Amino acid sequence: MKTAKPRWWQSHLFWEAATGYLFAAPAIIYFLIFQVSAMLMSLLLSMTKFNIRTAPVWVGLDNYRNLLFDRLRYPFFWHSMWVSIKWVIMEQPLVIVIPLLVALLLNTNVRGQSIFRTLYFIPVITPGVAMAAMWVWIYDANFGLLNMVLRTKTAWLKTVSTALPSLVATSVWGAIGGTVFIWLSALKAIPGEVYEAAAIDGATGWRQFWSITLPLLRPTLFYMTVTGVIGSFQVYVPMQLMTGGDPDNSTLTYMLYLVRHAFRYNEMGTATAMSYILLVIILIATLLQFRYMRQRND
């Protein structure tokens, strides 16, 4: 006599869920082994004195305490944090607004749209080193393209007042391509019937933008802002390749300072502690955005 199988064994929903988990298992295993375990290990290392060459020595919360309060040992900790905050404030509005304006233009019936889209996407596929080398030449005080156009001799990357804004312009140029296509996809998703109804009611172009386009783009705006702020706090490549934190540490961002402690000063424990401080700051900024920004278009 055969034993009756349990009802859950015969359930279609059970096998559907099991199939889903089976396909997701490699990603879940990878996440647990290489992400979660690495985070837990780095959290432990942040409470040690560790220079890679020797065994870690447990120091508890000393790394965090020294970073926050010991200005003699870590004189540029708060300075680098302020530089990163200034970077976020300067870069993010431009990275969001300029690509949106470009996407609005590309969303119209402009001749040669495919050519413009290709040109705007070129910075996305350009290697960071090549892009940095090109912009260093553009900003060169003696032979740079920018000074040739403006007929000046400004040392853009070697002057405190212009170094960080110059890097912001470089970052905006590099990020505009991918961001434009995100905005363009969101614009294409807006039903044309909405604009037709607004036109019948007498709404002009600007009125349609403020009352229809912008509200319907609110989910995309929320996504772009959250991910953009997270990425901006972790900026590193432009400073490392173009200025090295100079002049007078005016471009010394938090991530650049962190990498210096990790690989120049051989203070891996301190560097991992800095990474968790940055994690808390990014988490607070993200929670504030979730709290005060509208995420839906209703």
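Everything below is about the structure printed above this text.
Bear in mind that the values here come from a model prediction, so they are computed numbers and not experimental data.

To continue, consider the layout of surface pockets. Its volume calculated, the largest pocket comes out at about 370 Å³. As for the largest pocket, its lining consists of 15 residues, and the residues nearest its centre are Ser-42, Thr-272, Ser-275, Tyr-276 and Leu-279. Only helix 2 (12-45), helix 13 (254-264) and helix 14 (268-292) provide two or more residues apiece to the lining of the largest pocket. For the lining of the largest pocket, the class distribution of residues is 11 nonpolar, four polar and no charged.

The subject of this paragraph is the pattern of salt bridges. Tallying each qualifying case throughout the model produces one salt bridge. In this structure, Asp-62 engages Arg-65 in a salt bridge whose closest nitrogen and oxygen atoms are separated by 2.5 Å. Taken together, the positions of Asp-62 and Arg-65, both in helix 3 (residues 62-69) and three residues apart, correspond to about one turn of that helix. Asp-62 sits in the partly exposed class, given a relative accessible area of 34%.

Okay, the nonpolar core next. The tendency in soluble globular proteins is for nonpolar side chains to be buried side by side. Residues Phe-77 and Tyr-254 are the most contacted members of the largest nonpolar core, which totals 43 residues. Of all the elements in the fold, those that place two or more residues in this core are helix 3, helix 4 (77-106), helix 6 (128-138), helix 8 (160-188), helix 11 (218-233), helix 12 (237-243), helix 13 and helix 14. Excluding its chain neighbours within four sequence positions, the residues that come into contact with Phe-77 are Leu-67, Leu-68, Tyr-254, Tyr-257, Met-274 and Ile-277. Core analysis: the next-biggest nonpolar cluster, separate from the first, contains 14 residues, Ala-103, Leu-106, Leu-187 and Met-224 among them.

What counts and how
Residues numbered from 1 in each chain as written. Predicted model: local features only at pLDDT ≥ 70, side-chain atom pairs only at ≥ 80, totals over all residues. Heavy atoms only, no water. 1 Å grid on protein atoms, 1.4 Å probe; cavity = no way out; pocket = protein on both sides within 12 Å on 5 of 7 lines; lining within 4 Å. Points joined across faces, edges and corners; volume = space filled by probe spheres on them. Helix = DSSP H or I, 4+ residues; strand = E, 2+ residues; numbered from the N terminus. Nonpolar A, V, L, I, M, F, W, Y, C, P; charged D, E, K, R; others polar. Salt bridge = Lys/Arg side-chain N within 4 Å of Asp/Glu carboxyl O. Buried < 20%, exposed > 50% of the residue type's maximum accessible area, 1.4 Å probe, protein only. Core = buried A, V, L, I, M, F, W, Y, C linked by side-chain atoms within 4.5 Å. Contact = heavy atoms within 4.5 Å.

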